[in-house]
Number of protein chains: 2
Amino acid sequence: MFTLAEENYLKAIFHLENDYGTGVSTNAIADKMDTRASSATDMIQKLADKKVISYQKYKGASLTKKGKSIAVNIIRKHRLWEVFLVEKLDFQWDEVHEIAEQLEHIKSDELIQRLDLFLGHPDFDPHGDPIPDKNGYIKPTEKKLLSKLKKNQQGICVGVKESSAKFLQYLDTRKIGIGSSIKVIEKEDFDQSMTIQVSNKQFFITKQISENLYLKTI
Amino acid sequence: MFTLAEENYLKAIFHLENDYGTGVSTNAIADKMDTRASSATDMIQKLADKKVISYQKYKGASLTKKGKSIAVNIIRKHRLWEVFLVEKLDFQWDEVHEIAEQLEHIKSDELIQRLDLFLGHPDFDPHGDPIPDKNGYIKPTEKKLLSKLKKNQQGICVGVKESSAKFLQYLDTRKIGIGSSIKVIEKEDFDQSMTIQVSNKQFFITKQISENLYLKTI
DNA sequence: CTTAAAATTTAGACAAGCCTAAAAAATAAA
DNA sequence: TTTATTTTTTAGGCTTGTCTAAATTTTAAG
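The structure contained in this document is the topic of the report that follows. A quick note: this is a predicted structure, and the numbers were derived from the prediction, not measured. (Residues numbered from 1 in each chain as written. Chains lettered and ligands numbered in written order. Predicted model: local features only at pLDDT ≥ 70, side-chain atom pairs only at ≥ 80, totals over all residues. Heavy atoms only, no water.)

1. Here's the deal with the side chain of Ser 62 of chain A
Residues and elements named next belong to chain A. What counts here: Working definition: helices are DSSP H or I runs of at least four residues, strands are E runs of at least two. Numbering for both runs from the N terminus. N or O atoms closer than or at 3.5 Å make up a polar contact, with two conditions inside protein: a donor-capable atom paired with an acceptor-capable one, and, for residues adjacent in sequence, both atoms drawn from side chains. The contact criterion used throughout is that any non-hydrogen atoms of two residues lie within 4.5 Å.
Position of Ser 62 among the secondary structure elements: in strand S2 (residues 61–63). A polar side-chain atom of Ser 62 sits 3.2 Å from a polar atom in the side chain of Thr 22. Residue contacts for Ser 62: discarding those within four places in its chain leaves Glu 17, Thr 22, Gly 23, Val 52, Ile 53 and Ser 54.

Okay, structure coming up:
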């Protein structure tokens, strides 16, 4: 069995490997966990002892098969609970992350199985992230960052990369959400800013925004 | 903010005060928490420092107003989650306690408020225990132990005292549940055993059973 | 290729919660 | 009321997960 802290480290390492490739540095982990490098080293060594990560001193860490399976299971639980909070309890999509961070650690396979059924086996969470199935399989989705689109290309918003409450609230004020149709009207080479159209309204957005919105292009 | 351990101690002390009156002994607490008296003493001193219990060395502990309010809130969460598990996820009443023990520590007032609404503001949990309202008020219920009934008296089962899975499963096999109508057919003075009638079937039950079933007499 | 800087690890401490063993206080028995 | 027993507390340790400060290794710069 794994402690809450161990589970959180595994999840952090999973996300870091996903975003920046395999072999995660101690500092990157410490950063993500909002702790000191020395604390991260301690935990990395413990997780290596437990065979859930492979690790060589000074060389970074990677999840083993077992570690990945644990991490994915936590992510599955997190995302299912987010669906529950939004679909059943009517939370907004920017309010659910912190609560799901707690709920993801509840230990009961039966509970998750029944929750999944109750929610109708959802494929995506409220931010458009795919929900791993009970075997840990994550359906690959073809999605593109809005920042990669050229002038006149368009797509449907299928997810957000950043999912801080602030960013999500920003999107809310612009009526951008999962399912929104977005078209690039103008793109500035110099600073990558864009003018986009969302249901016949046009907005000016910075690179910081376009780099955090995933679209499925049509 | 209170730690998981602190919350569990507060809950234990609340239940002990409820069952056996105010001023709970260190041993009783240690027993309930399945730990050693010395560990209980440590925690009692910490809780006293935090002003959630009043305590004098060698004299036992009692919840302060603040401590009681925290304990009741945890119990409210526990019972609401139990309703959720049974009503929405179709768990059996003997399967929900352990999961609710985990869920009761999730920290979010908003979550509980919405869960309560989602469940339709239930008054009782699946074992017949009253759910405190958001102000901590517990509606007093007039219920009687089956063991207190005399021959030919009857009532409706409104709760169980013991709520271990084993006892609940015992009741299931006899088709006794919340709402069942129970009549005392015969009562043995010597060992307090009884013959009872539940929907035109008669059973023989021991004192151990009748002392753990609450009825509302008609 | 040698030195400076950055990243990482080790050493030693600390708080929370638990433990065992021993001391102290309260209660029961003689 | 004095002694024996039980209850409770204290003392000292252990583990988990954190920290700071110092040592070590790796990487980057000159």
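Additional details are given in the paragraphs that follow.
2. Notes on the nonpolar core
Keep this limit in mind: Residues belong to one nonpolar core when they are buried, are Ala, Val, Leu, Ile, Met, Phe, Trp, Tyr or Cys, and are joined through side-chain atoms within 4.5 Å. Accessible area is worked out with a 1.4 Å probe on protein chains only. A residue is then buried under 20% of its type maximum, exposed over 50%, and partly exposed in between.
In this structure, Trp 81 of chain A together with Trp 81 of chain B are the most contacted members of the largest nonpolar core, which totals 36 residues. Mapped by element, the contributors of at least two residues to this core are helix H4 (65–88), helix H5 (97–103) and helix H6 (109–118) of chain A together with helix H4 (65–88), helix H5 (97–103) and helix H6 (109–118) of chain B. Formed by 23 residues, the second largest nonpolar core is a distinct cluster that contains Ile 13, Phe 14, Leu 63 and Val 72 of chain A.

3. Looking at the packing of aromatic side chains
Put simply, the rule is: Note on aromatic pairs: the rings of Phe, Tyr and Trp (six-membered ring only in Trp) are paired at centre separations within 6.5 Å, and the planes decide the class, stacked below 30 degrees, edge-to-face beyond 60, tilted for the rest.
Evaluated as defined, the whole model comprises 7 aromatic pairs over all chains. On the basis of an interplanar angle of 80° and a centroid distance of 6.2 Å, the ring pair of Phe 118 of chain A and Phe 84 of chain B is categorised as edge-to-face. One end of the pair, Phe 118 of chain A, is in helix H6; the other, Phe 84 of chain B, is in helix H4, on a second chain. Phe 118 of chain A sits in the partly exposed class, given a relative accessible area of 22%. Overall, Phe 84 of chain B belongs to the buried group, its relative accessible area being 0%.

4. Re the relation of the copies chain A and chain B
Where we set the bar: We place the copies in one frame by least squares, fitting the C-alpha atoms of every residue whose pLDDT is at least 70 in both.
Once chain A is rotated about the relating axis by 180° and shifted along it by 0.0 Å, it coincides with chain B to within an RMSD of 0.1 Å. With respect to symmetry, the two chain copies, as superposed, fit the operation of a two-fold axis. Measuring from the rotation axis to each C-alpha of chain A, the shortest distance belongs to Leu 103 of chain A, at 3.8 Å.

5. Considering helix H7 (residues 165–173) of chain B
Residue and element names in this part refer to chain B. To keep things clear, this is the line we draw: Directions from the helix axis toward the C-beta atoms define the arc.
Phe 167, Leu 168 and Leu 171 are the residues of H7 that are buried. Taken down its axis, H7 places every buried residue within 100° of arc, on the same side. Opposite the buried face of H7, by more than 90 degrees, sit the exposed residues Lys 166 and Thr 173. Close packing links the buried residues of H7 with strand S4 (154–160), helix H8 (207–210) and strand S8 (213–217). Positioned one or two residues after H7, Lys 175 has a phi angle of 60°, which is positive.

6. Describing the pattern of salt bridges
Condition: What counts as a salt bridge is simple: a side-chain nitrogen of Lys or Arg found within 4 Å of a carboxyl oxygen of Asp or Glu.
Under the criterion given, the structure shown has 18 salt bridges over all chains. Where Arg 79 of chain B meets Asp 125 of chain B, a salt bridge forms, and the shortest distance between an N and an O atom there is 3.8 Å. In this pair, Arg 79 of chain B sits in helix H4 while Asp 125 of chain B sits in the loop between H6 and strand S3 (144–145), placing the two residues 46 residues apart along the sequence. The buried category is assigned to Arg 79 of chain B, whose relative accessible area is 12%. Residue classification places Asp 125 of chain B among the buried positions, given a relative accessible area of 5%. For Lys 151 of chain B, the salt bridge goes to Glu 186 of chain B, with nearest N and O atoms at 3.2 Å. Residue Lys 151 of chain B is found in the loop between S3 and S4, and its partner Glu 186 of chain B is found in strand S5 (residues 181–187); the two are separated by 35 residues along the sequence. For Glu 186 of chain B, a relative accessible area of 39% gives the class partly exposed. Residues joined by salt bridges that share partners form a network here, namely Glu 6, Lys 46 and Lys 50 of chain A.

7. What about the protein's contact with DNA strand D?
To keep things clear, this is the line we draw: Throughout this document, a residue counts as near a molecule or strand when at least one of its heavy atoms sits within 4 Å of that molecule or strand.
Contacts to DNA strand D come from 21 residues, most closely from Thr 3, Thr 35 and Lys 46 of chain A together with Gln 45 and Tyr 55 of chain B. Among all atoms of DNA strand D positioned within 4 Å of the protein, those belonging to sugar or phosphate total 73%. Within the contact set of DNA strand D, a phosphate oxygen lies 2.5 Å away from a side-chain nitrogen or oxygen of Thr 3 of chain A. For DNA strand D, a phosphate oxygen lies 2.4 Å from a polar atom in the side chain of Thr 35 of chain A. Of all the secondary-structure elements, those providing two or more residues to the surface near DNA strand D are helix H1 (4–20) and helix H3 (37–49) of chain A together with helix H2 (26–32) and helix H3 (37–49) of chain B. Among the elements that line the surface near DNA strand D, the one with the most residues is H3 of chain A, at 5 residues.

8. Re the environment of Ile 176 of chain A
Residues and elements named next belong to chain A. Take Ile 176: it is sitting in the loop between helix H7 (165–173) and strand S5 (181–187). Classification of Ile 176 by relative accessible area gives buried; the value is 3%. Apart from the residues lying within four places of it in its own chain, the contact partners of Ile 176 are Trp 93, Leu 171, Ile 182, Ile 196, Val 198 and Leu 213.

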